[in-house]
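# Fold and contact review
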Amino acid sequence: MSEAPRLSRRAFAIIFAVSMATAVGNTGLQSVLPAIGRSVGIPDPMVAGIFSLSAVLWAASSPFWARQSDIRGRKPLMIVGLAGFAISMILCGLVVSAGLARLATPMVIFAAFLVSRAIFGFFGAASNPATQAFVAERTSPEERTQWMSNLAGAFSLGTVVGPVVAPVFIIGVLEFAGPLYAFALIAIAMLFVVIRYLKEEPLGAIAIREKRPAPPRKQLWRDSRLVPFIAYGFLLSVCQSALGQTLGFLIIDKTHKAFPELNPHALLHIAQGYIEVAMVAGAISGLLALWGFIRMFAMTPKMLLRWGAGLAALGNLIVAFSPDYATATIGYGLASLGFSFARPGFTAGASLSVGMEDQAGAAGAIAAVNGVNIILAPFAVSFYKISPEGPFVLCAAVLAGIFAYAYLNPVLRNVGEMIMERGDMAIEATLERSDEGAGA
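Residues numbered from 1 in each chain as written. Predicted model: local features only at pLDDT ≥ 70, side-chain atom pairs only at ≥ 80, totals over all residues. Heavy atoms only, no water.

## Here we look at the overall build of the protein
- Scanning the protein from N- to C-terminus turns up 18 helices and two strands.
- For the protein, the residues scored as buried account for 57% of the 440 residues in total.
- Residue pairs in contact within the protein that sit at least 24 positions apart in sequence constitute 83% of those at least 6 positions apart.
- When the accessible surface of the protein is split by element, carbon and sulfur atoms take 70% of a total near 17,400 Å². (Helix = DSSP H or I, 4+ residues; strand = E, 2+ residues; numbered from the N terminus. Buried < 20%, exposed > 50% of the residue type's maximum accessible area, 1.4 Å probe, protein only. Contact = heavy atoms within 4.5 Å. Areas by Shrake-Rupley, 256 points an atom, 1.4 Å probe, with all protein chains shown as cover.)

In structure tokens, the structure reads:
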């Protein structure tokens with residue numbers, strides 16, 4: 001008889017810290033990137049494009065890393081992801097330092113930044129499906145939404161810490177490259193913790209997986225159980241990245257209108273403080289969702305899908321028509337609250353909808369969705385240059401559409417309502433109402 005799934009507090013604390021360290025670095029970089037771009041002389045849409053190649057590689061490699069985590073275990077893939085993140089951050093810091101010193105033209109700096117960031121896109125993608133699968137195969141279906149919300153809380157906490165600590169490292173000759181070197185050191189520290197202290201003992205479905213040959217990999221991208229979550233997650237993530245990538249430029253421009261007498265260098269430093277306040281406000285909203293409202297109201301995946309899209313749509317509308325920086329910050333906070341509801345909704349929903357043997361594959365598919373959306377961020381920034389309200393209105397319309405989709409699609413409408421436990425502890429969400437809806 002297989003052993004019941006279990007997740008130790010120590011193991012989860014390490015995985016939480018791994019996810020948080022990555023979030024700290026990524027959101028910290030995102031908070032200083034607009035100022036870096038304008039200091040170096042890189043056009044705004046190209047600044048957003050720095051993440052594009054990384055996003056393509058993230059999406060393409062996530063299913064590969066998910067398969068490797070089935071073969072080699074979850075811990076080795078976390079090590080690969082952290083190492084890739086640390087190396088990428090060090091190289092990005094060196095590139096930014098060269099750009100600020102005017103050692104190369106802005107286009108050369110852009111190309112070097114693009115390639116340095118791409119290292120994270122390929123190798124950094126290894127840790128995400130591994131951490132999700134590690135948690136999923138050690139928790140029961142009844143607990144999984146809460147544990148996935150806790151794991152998502154690592155990202156939200158990282159988005160608080162990243163923008164807060166980033167300016168601490170903008171010092172001396174390092175200038176805006178300082179935070180990147182600091183984030184690399186954090187990743188190296190977490191790499192040591194994982195290697196030294198994370199134990200991956202074989203138990204339950206893991207032990208069975210290691211004793212028998214792996215079955216042929218299903219085409220989970222086309223699996224009817226996952227397609228609605230992939231579609232929902234992709235559109236939601238597109239809107240979240242568009243808002244996040246455009247926000248910095250919007251705040252810089254609003255700061256310029258408020259202080260037209262400032263020189264460009266002083267303006268960027270003041271605007272950087274406003275950007276950090278806005279991002280922290282959004283991150284705190286996310287923490288309220290993940291560690292407050294979801295627990296307080298025992299929110300299920302289908303509730304999270306609906307409330308998430310609806311609040312995010314409203315927040316984007318407020319940002320679109322905000323007359324000042326303060327109103328834009330309120331709108332961003334509301335949108336962040338919505339995104340923080342929706343993300344654990346489609347992540348946990350996807351996990352509950354497949355058996356234990358497909359957890360890594362499902363996590364890989366969701367991780368790819370979370371990466372590929374960033375490809376469209378440069379278009380949002382370009383649209384912003386044409387119409388400051390345009391990207392946010394468009395995002396609000398898309399989010400309203402997936403809000404309706406969460407009600408109308410039978411898989412999303414019934415997610416988690418019926419869960420059947422099989423003999424090998426592989427839990428499959430059998431959505432009987434989905435079949436009834438398809439035959440109607």
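## Observations regarding the packing of aromatic side chains
- Here the structure, examined in full by the defined rule, presents 14 aromatic pairs.
- An aromatic cluster of three or more residues is present, and its members are Phe 64, Trp 65, Phe 122 and Phe 123.
- Of note, Arg 138 hangs over the ring of Phe 134, and the distance from its end group to the ring centre comes to 3.7 Å.
- Cation over ring: Arg 306 sits above Tyr 407, and NZ or CZ is 4.1 Å from the ring centre. (Phe/Tyr/Trp six-rings, centres within 6.5 Å; stacked < 30°, edge-to-face > 60°. Lys NZ or Arg CZ within 6 Å of the ring centre and 35° of its normal.)

## Comments concerning the packing of helix α1 (residues 9-40) against helix α8 (residues 178-197)
- At a minimum axis distance of 10 Å, the contact between α1 and α8 shows a crossing angle of 165 degrees. With respect to α8, the element α1 is oriented roughly antiparallel. As α1 runs across α8, the sense of the crossing is left-handed. Here α1 contributes Arg 10, Ile 14, Ala 17, Val 18, Ala 21, Val 24, Gly 25, Gly 28, Leu 29 and Val 32 to the contact with α8, which in turn contributes Leu 180, Phe 183, Ile 186, Met 190, Val 193, Val 194 and Tyr 197. (Axes fitted to C-alpha atoms, helices over the stretch in contact; angles between N-to-C directions. Parallel < 35°, antiparallel > 145°, perpendicular 65-115°, else oblique. Left-handed = near helix turned anticlockwise from the far one by under 90°.)

## Some remarks on a nonpolar patch on the surface
- A surface patch of nonpolar side chains, about 510 Å² in accessible area, is lined by Ile 87, Ile 90, Leu 91, Leu 94, Leu 185 and Ile 188.
- Elements supplying a minimum of two residues to the nonpolar patch: α4 (74-100) and α8. (Patch = residues over 30% accessible without salt bridge, like charges linked within 9 Å, V, L, I, M, F, W, Y side chains within 5 Å. Salt bridge = Lys/Arg side-chain N within 4 Å of Asp/Glu carboxyl O.)

## Examining the packing of α4 against α8
- α8 packs onto α4 with a crossing angle of 165 degrees between their chain directions and a minimal axis gap of 8 Å. Our classification of the angle between α4 and α8 gives roughly antiparallel. Between α4 and α8 the crossing geometry is left-handed.

## Regarding the nonpolar core
- Among the nonpolar cores identified, the biggest contains 108 residues, and Phe 113, Leu 180, Phe 229, Tyr 232, Leu 236, Phe 339 and Leu 399 are the most heavily contacted of them.
- The element best represented in this core is α1, accounting for 15 residues.
- Ignoring anything within four residues of it in the chain, the contact list for Phe 229 reads Leu 305, Phe 346, Gly 349, Ala 350, Ser 353, Val 411, Leu 412 and Val 415.
- Formed by nine residues, the second largest nonpolar core is a distinct cluster that contains Ala 289, Ile 294, Leu 304 and Leu 337. (Core = buried A, V, L, I, M, F, W, Y, C linked by side-chain atoms within 4.5 Å.)

## Concerning helix α16 (residues 390-408)
- Between the first and last C-alpha of α16 there are 27 Å, a value that for 19 residues agrees with the 27 Å anticipated at 1.5 Å per step.
- For α16, the full list of buried residues reads Gly 390, Pro 391, Phe 392, Cys 395, Ala 396, Leu 399, Ile 402 and Ala 406.
- Where the residues of α16 are buried, they touch α10 (227-258), α12 (301-320), α13 (325-352), α15 (377-386) and α17 (410-413). (Expected span 1.5 Å × (residues − 1).)

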